[in-house]
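# Structural characterization, general
In case you want the letters, here they are:
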Amino acid sequence: MKEQEGHHQNHFSGGFGRKIDSSSSSSGRLRKGQYQLHNQHVEPLPRKGLELKAEPILRLLAQAQSPCPEVFRDLGNIYERQNDPSEAERWYQRWLCTTPSQAHERLAQALKAEQFSWLDLALQRYLDVLELEPTQPEALRRASSLLLERTRFADAMPILLNRLQQETHTAELLIQASWCSFELGSVDDAVRLANMASPGNPDNPIILTIQAYECQRRGRIEKALDLAQRALSRAVATSQWNLINRLLARLFFQQGLLESSQECLEVAKKAEPFRAEIHRLLGEILLLQNRLHEGFIEYQWQPPTTSPSTTTVSKHGPSRNIALISGCTLGDTLLFSRYAIWLKEFKKMNVRLFVPPPLLALLRISLGDRLPVQMMQDLKHDSKQDEVVLPMLSAPAVYGTCQEFPELAHPHLRADNELIEHWRQLLNIKHGEQLIGINWCGSPLTAITEYHKSDIPLDAFAPLAALPKTRLLSLQKGFGTRQLLTCSFRDSFINQQQEITAEMRFEHTAAIMSLCDYVVTDDSGPAHLSGCLGVPTIVMLAPLCNWRWGASGGNSPWYQRTVLLRRNVDQDWLELAAEASRIIQAH
């Protein structure tokens, strides 16, 4: 028998004890003798039905710290036959701490580990088998199943693809591959595989779930919801119940069915309490329900491990020194930068604020006279030992929200007076003339990551252009500005619109906004900037919007001078803009 080349780290309480020095000639002879003793006096006995007689020799070899792993395997076999599970388990543990050089021996270890429910070790041994024999059927089957159970989809997919090449396409294999593809975001592959498995399994919950998402993607919402309900009903009292609830929570959420989504998430959370995506989606639902503190706790939930890059902070933590960092979108940075000044002035903490470069000048103008405002990259070479690093989106979870502390809703940003005067002279607004700033779509990069689309056609703002003594001012930057060329009311914009469109600096945009009587906008960054400045603002929202604006109500808890107009599913944007114009006229 070949000598073992190495050992894996011992995962159990038992171990091999002292390490034999193979460089010593006496040690080498001892190892060789122990292998010979096992080969000559132990291995023949099972073939004669006399394996129990091997126990004294095996015990002797075990006491001598034998390097031969078969010693511990055979002792485990003996005590298992004698119905002594605790003793059998002890010896099997020592056997399983080695990595044999032969694939069939690794497979035997994997099967034994599964027998004792040592599933992590079993998985490792199956993967060890595949290192030597990539097409070993049992190892492929069990490794893929165990990886899927651990939601290690990226690791499972290559093995499933291997199986699809090697095996007959059974329904079970197709369903597993479809599920894995779906979890990895390969929806087209998931649908294709699900459809291949569907003829013989039309009521399989996973197949129904993937088909529901495909119907939703094609706009067949009623059919999608019917398939989702069928999937849930078929999954009741099965091993797939928790999985199906987790998968369908997102579909219900995307259709605005928050209660159904929350019910699914509560089921999934009990089964997988440490799965971050469950907490995050549950957080979004709570925030949409205007349960802000609960929502942020869930939205910012992290697994119970210490991150090397940030330090966990509690409400009553010992440190009074906070590095508040952005780590989020520009709009969210504008919104939650209010915590910097609040922590300093109301919680009496020492705060440094770290923000992306585009916002640096604006936030220094607004807050720089009261606390240090630095660029995000400065933290890498300017960290302080006694300073707690706190991401902005974690602040509401740790310290509370504007619902508990109303002062958090006060406008906290301001424009530079000199810049305001510069733009006042340039715009040359006539006496009695009203200036309305408008923005109709957000960043296309942000839109890619969001299911709910909230862009508004520029022509829908026509009712604002019809207001008497009113000039419009486009706040739109980059994507979307081409609509100005074909707009039906382009003569209603100020003469200096070209200069404003070309001005990309946030501190200048803030000065321009400060000159507006109203800002009417979609739910993107300008809505946050005008809200933080305290400029009267109307935000026009799609029927389904993101958590920052809640799911109902006409006011934002964060912005005191902002009105929220929500479009009904049977209403178009033109009607909503007409409502905005009536609000402006009334004031």
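Up top is the structure these notes are about.
Here's a quick rundown of the structure. Counting restarts for each chain, with residues numbered from 1 along the sequence as it is written. The predicted origin of the model limits local features to residues at a pLDDT of at least 70 and limits the giving and counting of side-chain atom pairs to 80 or more, whereas totals for whole chains, interfaces and linings rest on all residues. Water and hydrogen atoms play no part in the side-chain values, which are based on all heavy atoms of the structure.

So, on to the overall build of the chain. Within the chain, the regular secondary structure consists of 29 helices and 9 strands. Three labels apply to residues, based on accessible area from a 1.4 Å probe with only protein chains included: buried if under 20% of the type maximum, exposed if over 50%, partly exposed otherwise in between. For the chain, buried positions account for 52% of its 587 residues. In the chain, of all internal contacts separated by at least 6 residues, the share reaching a separation of at least 24 is 63%. Accessible surface is estimated by sampling points in the Shrake-Rupley manner with a 1.4 Å probe; for residues, cover comes only from the protein chains shown. As presented, the chain carries roughly 28200 Å² of accessible surface, and 51% of it is formed by carbon and sulfur atoms. A run of H or I in DSSP becomes a helix once it reaches four residues, and a run of E becomes a strand once it reaches two; helices and strands are each numbered from the N terminus. When checking whether two residues touch, look at their non-hydrogen atoms; a contact exists if any pair is within 4.5 Å.

Our focus in this paragraph is unusual backbone geometry. Within the chain, N83 stands out as a residue other than glycine whose phi angle is a positive 60°. Relative to the helices and strands, N83 is located in the loop between α4 (70-81) and α5 (85-96). At N428, a position not held by glycine, the phi torsion is positive, near 55°. Position of N428 among the secondary structure elements: in the loop between α22 (417-427) and β5 (434-439).

Let us now look at the packing of helix α14 (residues 241-254) against helix α16 (residues 276-288). Contact geometry for α14 and α16: axes closest at 11 Å, N-to-C directions at 30°. Classified by the angle their axes make, α14 and α16 are roughly parallel. The two elements α14 and α16 cross, and the hand of that crossing is left-handed. When α14 is examined against α16, the residues R246, A249, R250 and F253 are found in contact with a partner set consisting of E277, I278, L281, E284, I285 and L288. Note on definitions: angles span 0 to 180 degrees between N-to-C directions of axes, and those axes are lines fitted to C-alpha atoms, for helices only across the stretch in contact. Geometric relationships in this document are graded by angle, where less than 35 degrees denotes roughly parallel, more than 145 denotes roughly antiparallel, 65 to 115 denotes roughly perpendicular, and other angles denote oblique. Should the near helix be turned counterclockwise from the far one by less than a right angle, the crossing is left-handed, whereas a clockwise turn marks it as right-handed.

What follows is about helix α6 (residues 103-115). Across its 13 residues, α6 extends 18 Å between first and last C-alpha, which sits within 8% of the 18 Å expected from 1.5 Å per residue. Among the residues making up α6, those that are buried are A103, E105, R106, L107, Q109, A110, K112 and A113. On its buried face, α6 sits against α4, α5, α7 (119-132) and α8 (137-149). Directly after α6, the chain includes S117, whose backbone phi takes a positive value near 60°. Helices are assigned an expected span. That span is 1.5 Å times one less than the residue count.

A pocket here means an open set of points on a 1 Å grid, computed over the protein atoms alone, that has protein on both sides within 12 Å along at least five of seven lines. A cavity is instead a set of points where a 1.4 Å probe fits but cannot get out; residues with an atom within 4 Å of a point line either one. Grid points are joined across faces, edges and corners, and a volume is the space filled by probe spheres set on the points. One number sums up the size of the second largest pocket: a volume of about 460 Å³. Along the walls of the second largest pocket sit 17 residues, with E149, W179, S239, Q240 and L243 positioned nearest its centre. Of all the secondary structure elements, the ones that give two or more residues to the lining of the second largest pocket are α8, α10 (171-183) and α14. Here the lining of the second largest pocket gets 4 residues from one element, more than from any other, and that element is α10. Counted by class, the lining of the second largest pocket contains 6 nonpolar, 7 polar and 4 charged residues. Polar here means any residue other than Ala, Val, Leu, Ile, Met, Phe, Trp, Tyr, Cys and Pro, which are nonpolar, and Asp, Glu, Lys and Arg, which are charged; Gly is therefore polar.

Time to look at the packing of aromatic side chains. Aromatic contacts are taken between Phe, Tyr and Trp rings whose centres are within 6.5 Å, Trp giving its six-membered ring; a plane angle under 30 degrees counts as stacked, one over 60 as edge-to-face, and the others as tilted. Following the criterion strictly, the structure yields 16 aromatic pairs and no others. Arranged with centres 5.6 Å apart and planes meeting at 70°, the rings of F153 and W179 form a pair that is edge-to-face. In this pair, F153 is assigned in helix α9 (residues 153-166) and W179 in helix α10, connecting sequence segments 26 residues apart. Of the residues examined, W179 reaches a relative accessible area of 12% and is grouped as buried.

Time to look at the side chain of Q176. The topology assignment puts Q176 in helix α10. Apart from the residues lying within four places of it in its own chain, the contact partners of Q176 are S144, S145, L148, L160 and R163.

Attention now goes to the packing of α16 against helix α17 (residues 292-299). A packed helix pair is summarised by two numbers, namely the angle formed by the two axes and the spacing between the axes. Where α16 meets α17, the closest approach of the two axes is 7 Å, and the angle between their N-to-C directions is 165°. Between α16 and α17, the angle is such that the two are roughly antiparallel. Crossing of α16 against α17: the hand is left-handed. Only L292, E294, G295, F296, E298 and Y299 of α17 make contact with α16, whose side of the interface consists of H279, R280, L282, G283, E284, L286 and L287.

Along the chain, Q216 turns up in helix α12 (residues 205-217). Within the structure, the side chain of Q216 is placed 2.7 Å from the side chain of Q255, a separation counted as a polar contact. Polar contacts here mean pairs of N or O atoms no more than 3.5 Å apart (in protein, one a potential hydrogen donor and the other a potential acceptor; neighbouring residues in sequence count only if both atoms are side-chain atoms).

So, on to the pattern of salt bridges. Each salt bridge in this description consists of a side-chain nitrogen of Lys or Arg and a carboxyl oxygen of Asp or Glu lying within 4 Å of one another. Scanning all chains against the criterion turns up 30 salt bridges. A salt bridge links E345 to R370, with the shortest nitrogen-to-oxygen separation between them at 3.2 Å. One end of the pair, E345, is in helix α19 (residues 338-345); the other, R370, is in the loop between α20 (357-367) and β3 (373-375), and 25 residues separate them in sequence. R370 gets classed as partly exposed once you look at its relative accessible area, which sits at 34%.

Another aspect to go through is the pairing of strand β8 (residues 537-541). Of all 5 residues in β8, 5 are buried, a share of seventy percent or more. Residues T537, V539 and L541 of β8 are buried on one face, and the alternating residues I538 and M540, pointing to the opposite face, are buried as well. Of the pairings in the sheet, the one linking strand β7 (residues 518-521) to β8 comprises 3 bridges and is parallel in character. Bridge assignment links V520 to a residue of β8, and that residue is I538. If the strands point away from the viewer and the path from the first strand over the helix to the second runs clockwise, then the crossover is right-handed. This β-α-β element, β7 to helix α28 (residues 525-533) to β8, shows right-handed connectivity. A pair of strands is considered paired only if DSSP assigns at least 2 bridges between the two. Here β8 runs beside strand β9 (residues 562-566); their pairing, made up of 5 bridges, is parallel. Paired with V539 across the two strands is L564, which belongs to β9.

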